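# Overview (structure and organization)
Here is how the chains run, residue by residue.
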Protein chains: 2
Amino acid sequence: MPAPLRRALSAAALTALLLPLGCSTALTTKREEEKLMSSSDDVSKPAPRWGIVIHGGAGVIKRESLTPEPEAAVRAALAEALQAGHAVLAKGGSSVDAVTAAIRVMEDSPLFNAGKGAVFNHDGKNELDAAIMNGRTREAGAVAGLHHVKNPITLARAVMEKSPHVMMVGEGAEAFAKQQGVELVPESYFFTEERWQALQRALEAEKKQQEAPPEPGQPQGPSTFYETPDGSDHKFGTVGAVALDQSGNLAAGTSTGGMTNKRFGRVGDSPIIGAGTYADPRCGVSGTGHGEYFIRYGVARDICARVEYLQLPLLEAANQVVLDVLVKAGGEGGVIAMDSQGNVATPFNSTGMYRGYMGPDGVPSVAIFKE
Amino acid sequence: MPAPLRRALSAAALTALLLPLGCSTALTTKREEEKLMSSSDDVSKPAPRWGIVIHGGAGVIKRESLTPEPEAAVRAALAEALQAGHAVLAKGGSSVDAVTAAIRVMEDSPLFNAGKGAVFNHDGKNELDAAIMNGRTREAGAVAGLHHVKNPITLARAVMEKSPHVMMVGEGAEAFAKQQGVELVPESYFFTEERWQALQRALEAEKKQQEAPPEPGQPQGPSTFYETPDGSDHKFGTVGAVALDQSGNLAAGTSTGGMTNKRFGRVGDSPIIGAGTYADPRCGVSGTGHGEYFIRYGVARDICARVEYLQLPLLEAANQVVLDVLVKAGGEGGVIAMDSQGNVATPFNSTGMYRGYMGPDGVPSVAIFKE
């Protein structure tokens with residue numbers, strides 16, 4: 001087992017591997033059970049069913065090619081992230097703190113496409129984006145095009161809390177990071193052999209494709225330049241978290257390295273408030289998938305708009321957008337979502353989505369496939 | 001009269017100055033009259049009431065400090081932009097073409113904070129953002145942090161039509177511009193003495209402010225670093241256009257130089273799809289104002305969500321968001337909006353908003369204040 005995988009398999013995290021794996025519906029059903037239990041204690045004013053839901057990316061994840069060791073490592077890392085967020089919430093901390101804590105664990109893990117382990121862009125660099133939003137205040141912070149910030153979610157949070165702005169990009173964002181004392185690292189910190197090889201394969205595939213004349217006016221869909229050479233097992237390993245704290249306040253955050261071999265300063269949906277990240281007093285969402293579709297359809301905001309204006313249950317709103325609107329448009333991916341009652345939805349239209357949930361009982365529920 | 005102002009006063013554009021100036025309600029009333037007229041021709045299937053609505057920025061614009069010559073020049077430039085968009089629509093062209101044509105006129109005019117005449121950032125550079133969205137297909141293109149692209153709206157459109165991406169920023173976006181043959185200019189092209197002096201005043205004010213110790217954790221609101229020294233007559237001179245073509249398709253676009261003395265690679269709402277720019281088959285919006293609020297409240301998307309989900313008339317939806325939601329949040333600015341029946345709304349909560357409308361009759365209606 002490679003060292004990073006072994007390190008990720010902490011004893012506590014191993015608990016997750018022994019649990020039955022909930023799919024999106026199963027998670028929600030579990031929550032429904034808890035609702036019944038908690039509301040029987042105090043019918044007039046049920047305590048907020050606080051908790052945290054996370055994702056570690058969605059895409060074509062084939063059961064047969066996900067061998068036991070990497071699968072165990074990913075499950076353990078997700079459980080560790082859940083525990084980090086849960087620890088904050090359990091002692092009465094804020095949902096913003098919980099989201100930050102959970103995402104930092106996944107950024108620090110080489111298993112996800114965020115922070116350490118991010119994919120490489122066309123120029124062989126790691127280029128990181130992140131966003132966070134406080135549902136109660138509707139304050140938000142977003143950063144894009146980072147090369148030296150160890151934890152982009154922490155910089156997004158500094159933008160939210162320590163600047164009059166919402167979005168900062170590139171060198172300017174890194175100058176702000178320096179000013180705020182946010183940890184900077186050399187570019188080499190982000191290097192992983194697996195992601196480097198993925199870039200080499202993408203560059204080779206691109207070279208082959210360029211021998212054929214390009215189609216004029218490419219549509220706004222997946223370009224093979226950005227996929228693995230055989231189109232299989234590509235995944236969008238963006239990470240995200242949505243939390244509801246004991247005061248009933250929601251927060252959502254997302255962090256990503258974008259797409260392998262991306263160029264032209266491409267920015268995906270993660271740092272776009274309303275597209276890949278959104279929270280308001282009723283509803284919080286973090287997305288993962290083909291970012292261009294998430295931006296065009298304003299996926300995160302649309303789910304919450306359906307909750308607010310159509311008064312749909314969260315699960316129905318999330319399912320409509322991910323399993324109907326996005327599917328019809330051709331946009332692959334998924335979301336995690338939570339409402340102010342603590343209901344959870346994790347729909348995805350791809351083969352798999354790394355995801356997990358932890359409520360007051362502190363038991364991690366982690367899943368990858370539709371089960 | 002300075003040469004740029006004189007050049008802007010074309011004979012045709014002068015027509016606008018003679019017209020009574022419609023405010024948002026007056027514009028809509030005018031449209032209501034046209035609806036009655038056009039629907040009498042074919043009650044079963046009224047022709048789409050095609051047209052174009054534009055803005056040239058909102059903010060504190062004091063009547064007493066807007067002297068006749070600059071006012072006439074701005075009105076003439078708005079009329080010229082309307083005519084450029086109208087010319088496209090009148091011959092059956094697309095709303096995307098009309099929006100592009102109208103915005104290019106305003107980008108080329110030194111009177112607006114977009115393209116030539118953009119404000120200077122903290123480093124004394126012009127840094128341009130733009131976005132465009134095709135309501136019919138929901139395709140979108142956005143660019144940010146440009147220093148050499150003469151017409152950012154044209155590059156946003158190239159991103160939409162010639163790339164698989166939605167958003168490109170900085171040097172990467174300019175590399176794409178070069179590849180696509182989009183016109184590049186030296187940085188000096190964007191220089192105007194007025195904007196340069198505005199930066200010098202902002203820098204001086206900032207220096208004075210820095211002598212007092214800064215408040216920890218500035219709120220996400222206006223920073224005096226970005227305003228004129230006395231807080232008066234600041235305006236957000238972003239430009240935008242929304243058009244409905246004869247086929248009943250909507251498009252929206254926005255272009256801006258951002259805020260004077262901005263730093264840290266700040267990106268405002270203009271290139272954020274759903275915040276400052278949005279179009280779908282029912283509704284198109286372009287915003288201008290304090291961008292951070294427009295992003296946090298997803299202003300453009302929210303107006304269209306209220307039209308779609310609450311089935312509100314466009315004017316009511318736009319008024320709710322701009323005159324209620326934004327006002328309560330403390331967000332200054334305005335929007336132009338159009339629906340698929342050709343109804344128009346132009347609410348703003350600031351003292352003034354440069355705006356104009358032109359329908360099938362080709363008569364420009366231009367306004368600045370609430371009248």
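If you're wondering where the values come from, they're calculated on a predicted model, not measured in any experiment. (Residues numbered from 1 in each chain as written. Chains lettered and ligands numbered in written order. Predicted model: local features only at pLDDT ≥ 70, side-chain atom pairs only at ≥ 80, totals over all residues. Heavy atoms only, no water.)

### What about helix 6 (residues 152–162) of chain A?
All names here are of chain A. With 8 of 11 residues buried, helix 6 lies mostly within the body of the structure. Buried within helix 6 are the following residues: P152, I153, L155, A156, R157, A158, V159 and M160. Looking at the buried side of helix 6, the elements it contacts are helix 5 (95–108), strand 2 (128–134), strand 3 (139–146), strand 4 (167–169), helix 7 (170–180) and strand 7 (250–256). (Buried < 20%, exposed > 50% of the residue type's maximum accessible area, 1.4 Å probe, protein only. Helix = DSSP H or I, 4+ residues; strand = E, 2+ residues; numbered from the N terminus. Contact = heavy atoms within 4.5 Å.)

### Notes on helix 5 (residues 95–108) of chain B
Because the α-helix completes a turn every 3.6 residues, residues three or four places apart line up on one side. Residue and element names in this part refer to chain B. Across its 14 residues, helix 5 extends 20 Å between first and last C-alpha, which sits within 8% of the 20 Å expected from 1.5 Å per residue. Where helix 5 is concerned, the buried positions are S95, V96, A98, V99, T100, A102, I103, M106 and E107. Here the buried face of helix 5 lies against strand 1 (51–59), helix 4 (68–90), strand 2 (128–134), helix 6 (152–162), strand 6 (239–244) and strand 7 (250–256). (Expected span 1.5 Å × (residues − 1).)

### So, the relation of the copies chain A and chain B
Mapping chain A onto chain B calls for a screw motion: a turn of 180 degrees about the axis and a shift of 0.0 Å along it, with 0.0 Å RMSD after fitting. Here the symmetry operator amounts to a two-fold rotation axis. No C-alpha of chain A approaches the rotation axis more nearly than that of A:Y309, which lies at 3.0 Å. Interface overlap between copies: 100% of the residues of chain A at the interface are likewise at the interface in chain B, consistent with a symmetric, same-surface contact. (Least-squares fit on C-alpha atoms with pLDDT ≥ 70 in both.)

### Re the pairing of strand 11 (residues 333–339) of chain B
All names here are of chain B. With 7 of 7 residues buried, strand 11 is to be regarded as a mostly interior element. Side chains of strand 11 alternate between two faces, with G333, V335, A337 and D339 and G334, I336 and M338 buried alike. With 7 bridges joining them, strand 10 (residues 283–289) and strand 11 adopt antiparallel strand pairing. Across the sheet, residue S286 finds its bridge partner in strand 11, namely I336. Pairing between strand 11 and strand 12 (residues 344–345): 2 bridges, direction antiparallel. Among the inter-strand pairings, A337 is bridged to a residue of strand 12, identified as A345. Count of turn residues in the strand 11/strand 12 antiparallel hairpin: 4 residues, of which G342 carries a positive phi of about 90 degrees. (Pairing = 2+ DSSP bridges.)

### So, the interface of chain A and chain B
Accessible area lost upon the coming together of the parts serves often as the stated size of an interface. Counting residues at the interface gives 45 residues for chain A and 45 residues for chain B. Approximately 4,100 Å² of surface area, both sides summed, lies buried where chain A meets chain B, with 59% of it carried by carbon and sulfur atoms. Joining chain A to chain B, the criterion identifies 2 salt bridges. Between B:D302 and A:R301 there is a salt bridge; the shortest N-O distance is 3.3 Å. (Buried area = accessible area lost by both parts, 1.4 Å probe. Salt bridge = Lys/Arg side-chain N within 4 Å of Asp/Glu carboxyl O.)

### What to know about the sheet that holds strand 10 (residues 283–289) of chain A
Residues and elements named next belong to chain A. Here 4 strands make up an open sheet; going across it, the order is 9-10-11-12 and the pairing antiparallel. Each of the sheet's edge strands pairs with one partner strand only, and the pair in question is strand 9 (277–279) and strand 12 (344–345). Two elements, strand 9 and strand 10, share 3 bridges in a ladder whose sense is antiparallel. In the strand pairing of strand 10, A279 is matched with G284. Relative to strand 10, helix 10 (residues 299–309) is tilted by about 145 degrees, and along the sheet it contacts strand 9, strand 10 and strand 11 (333–339). Strands strand 10, strand 11 and strand 12 of the sheet are contacted by helix 11 (residues 314–329), whose axis makes an angle of about 160 degrees with strand 11. (Axes fitted to C-alpha atoms, helices over the stretch in contact; angles between N-to-C directions.)

### So, the state of the cysteines
Defined simply, a disulfide is a covalent bond joining two cysteines at their sulfur atoms. All names here are of chain B. Taken as a whole and judged by the stated rule, the model has 2 disulfides over all chains. Disulfide pairing is shown between C283 and C304; the S-S distance is 2.1 Å. Residues C283 and C304 are joined by a disulfide whose S-S torsion is about -75 degrees; by sign, that bridge is left-handed. Residue C283 is found in strand 10, and its partner C304 is found in helix 10 (residues 299–309); the two are separated by 21 residues along the sequence. The burial state of C283 is the same as that of C304; both residues are buried. (Disulfide = S-S within 2.5 Å.)

### Points about the packing of helix 10 of chain B against helix 11 (residues 314–329) of chain B
Residues and elements named next belong to chain B. Two elements in contact, helix 10 and helix 11, have axes separated by 8 Å at closest approach and are oriented at 135 degrees. With respect to their mutual orientation, helix 10 and helix 11 come out oblique. The two elements helix 10 and helix 11 meet at a crossing, and its hand is right-handed. Between helix 10 and helix 11, the contacting residues are V299, D302, I303, R306 and V307 on the first element and L314, A317, A318, Q320, V321, V325 and L326 on the second. In the contact of helix 10 with helix 11, the residues fall into 9 nonpolar, 1 polar and 2 charged. (Parallel < 35°, antiparallel > 145°, perpendicular 65-115°, else oblique. Left-handed = near helix turned anticlockwise from the far one by under 90°. Nonpolar A, V, L, I, M, F, W, Y, C, P; charged D, E, K, R; others polar.)

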